[in-house]
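Breakdown of the fold
What follows is each chain in one-letter form.
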Amino acid sequence: MTASGISQAAVETFAARERTRFIERNPTSVALAERARNSLYAGVPMHWMADWSTPCPLFVERAKGARFYDVDGHEYIDFCLGDTGTMFGHSPDPVARAIAEQAGNGLTTMLPGEDAVVCGELLAARFGLPYWQVTATATDSNRYVLRWARAVTGRKTLLVFDGCYHGTVDDVMVRSRDGRTVHRSGLVGQAYDLTQYSRAIPFNDVEALEAALAQGDVCALLCEPAMTNIGMVLPDPGFMQTCRELTRKYGSLLIIDETHTISTDIGGCTRLWNLDPDFFVVGKPIAGGVPCGIFGCSAEMAERMAASRRQAQEDSHGHGHSGMGTTLSANALAMHCMRANLEEVMTQAAYDHMLPLAKRLADGFRRLIAQHDLKWSVTELGARSEFQFCPVSPRTGAEAEAAFHDELQMALHLYLINRGILITPFHNMTLCCPATSEADVDQLIATLDQAITELLAIPG
Ligand code: PMP
């Protein structure tokens with residue numbers, strides 16, 4: 001039996017019908033996909049773009065607000081929003097204006113401008129941490145924070161939760177299996193043993209957390225305040241506070257990655273739940289969709305970072321390299337866009353619009369599940385909600401993964417795409433943005449209802 005309770009044969013019949021419909025409906029995408037195979041590896045500019053539910057990539061012509069339009073002229077309501085890259089809508093007007101303003105005034109110089117100072121002040125005021133750095137992606141932020149954490153603690157081991165994702169940082173590509181840390185499956189070109197300096201434990205497991213930290217070699221726990229990349233997994237009440245207390249007790253740092261969970265509150269879960277991390281990371285939406293990442297640190301960290309940097313410089317006689325950087329980090333375009341985004345887009349008013357819509361959507365999912373008598377559940381956090389193919393919301397990454405029914409998930413996503421609705425690929429996450437309407441939410445629920453009705457009518 002499948003995790004979802006839906007028969008595999010029915011899913012296959014349903015999916016085949018939808019694949020045919022997609023091909024018929026999207027001749028221009030099909031033609032572009034064919035052409036792309038001659039010049040782009042795997043027919044796409046980044047190989048994972050070929051992993052969606054569609055039989056060939058859906059090519060986008062333009063996007064604005066909560067909508068995008070494909071090259072065949074179809075309109076879509078977008079609940080994926082670039083997997084949070086455009087959490088506040090596609091091309092928000094203030095960010096579009098900021099791009100236009102900066103476009104003729106220099107895009108990158110390796111030097112800061114006034115925007116950088118304003119951004120530092122805005123970030124400190126919003127997130128409560130005093131000092132900030134700007135990178136090109138959330139991946140970079142996590143990589144650099146990890147380097148700092150190792151430097152200031154003099155410890156090497158990174159602790160993460162099983163099923164986490166923090167970008168393509170090598171050190172986080174581990175899982176927990178039967179109490180042991182192992183490599184995440186599917187890694188390409190992995191030359192060295194990641195388990196040497198990385199440890200994975202189950203989320204919401206206080207005992208495993210304390211046992212891992214008690215070994216005394218953990219530089220930091222890197223975590224999201226709620227897991228969002230293996231389906232959503234919420235922390236038990238008080239679990240994140242325990243993470244803070246135990247990391248402190250054992251001399252390890254707490255790094256909170258809010259790249260996705262920033263959808264919960266204008267100050268993230270960190271502010272909402274008073275998490276008091278040593279380092280705080282956000283990427284994707286922070287500059288309105290223009291590549292940019294940030295990390296903040298406490299005053300104590302800043303002092304310890306300065307000391308370890310001084311030491312490294314002394315050791316290298318001033319000719320060393322910190323191992324952090326990238327030339328385009330904090331470039332003028334990104335800084336100007338981040339400023340506009342923080343001042344005018346990522347506002348309390350935006351959250352006040354998004355949060356009730358996500359609740360409406362979660363309620364709608366629950367209604368559907370009850371109506372169709374499915375043994376599924378809904379997990380919601382701030383502006384995101386997700387239906388999962390298990391009767392109660394999972395408590396660990398492994399439980400979330402056990403509820404996967406990939407073929408069903410992909411078939412439902414494809415059905416929605418064929419009817420002008422996009423949700424986040426690879427699991428069932430939906431995000432509402434300031435341009436999403438109640439009618440959009442209701443349309444997703446009605447279309448999913450239709451999909452499930454059709455699916456259940458197919459003999460299994
Ligand atoms: N942190 C989290 C929690 C993420 O979900 C992601 C990407 N999904 C990242 C970091 C990395 O972001 P990017 O791919 O933009 O570097």
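Refer to the structure above for everything that follows.
Residues numbered from 1 in each chain as written. Predicted model: local features only at pLDDT ≥ 70, side-chain atom pairs only at ≥ 80, totals over all residues. Heavy atoms only, no water.

1. Focus: the packing of aromatic side chains
What counts, and what does not: For Phe, Tyr and Trp, rings pair up if their centres lie within 6.5 Å, where Trp contributes its six-membered ring, and each pair is then called stacked (planes under 30 degrees apart), edge-to-face (over 60) or tilted (otherwise). To qualify as a helix, a DSSP run of H or I must reach at least 4 residues; to qualify as a strand, a run of E must reach at least 2; elements of each kind are numbered from the N terminus. Only protein chains enter the calculation, and the probe is 1.4 Å; a residue is then buried if its accessible area is under 20% of its type maximum, exposed if over 50%, and partly exposed in between. Any Lys NZ or Arg CZ found within 6 Å of a ring centre and within 35 degrees of that ring's normal is scored as a charge over the ring.
Summed over all chains, the structure comprises 13 aromatic pairs. Ring geometry for Phe161 versus Phe239: centroids 5.7 Å apart, planes at 50°, classification tilted. Of this pair, Phe161 sits in strand E5 (residues 157-161) while Phe239 sits in helix H7 (residues 239-249), placing them 78 residues apart in sequence. Neither Phe161 nor Phe239 differs from the other in exposure class; each is buried. Taking the centre distance of 5.2 Å and the plane angle of 75° together, the rings of Phe203 and Phe239 count as edge-to-face. Here the residue Phe203 occupies a position in the loop between strand E8 (198-201) and helix H6 (206-214), and Phe239 occupies one in helix H7, the gap between them amounting to 36 residues. Take Phe203 and Phe239: they sit in the same class, and that class is buried. Three or more aromatic residues joined by ring pairs form one cluster here, namely Phe365, Trp376, Phe387 and Phe389. Above the face of the Tyr69 ring, Arg62 is positioned so that its terminal group lies 4.1 Å from the ring centre.

2. Section: the pattern of salt bridges
Two side chains with opposite charge may pair up if their charged atoms get near one another. For clarity, the cut-off: The salt bridge criterion pairs a side-chain nitrogen of Lys or Arg with a carboxyl oxygen of Asp or Glu, the two atoms within 4 Å.
Evaluation of the coordinates by the stated rule reveals 28 salt bridges. For Glu34, the salt bridge identified is with Arg37, shortest N-O distance 3.6 Å. Classification of Arg37 as exposed rests on a relative accessible area of 52%. Between Asp440 and Arg67 there is a salt bridge, with its nearest N and O atoms 2.9 Å apart. You can see Asp440 sitting in helix H14 (residues 438-457) and its partner Arg67 sitting in strand E2 (residues 67-70), a full 373 residues away along the chain. Via salt bridges that share partners, Asp162, Arg175, Arg177 and Glu401 belong to a single interconnected network.

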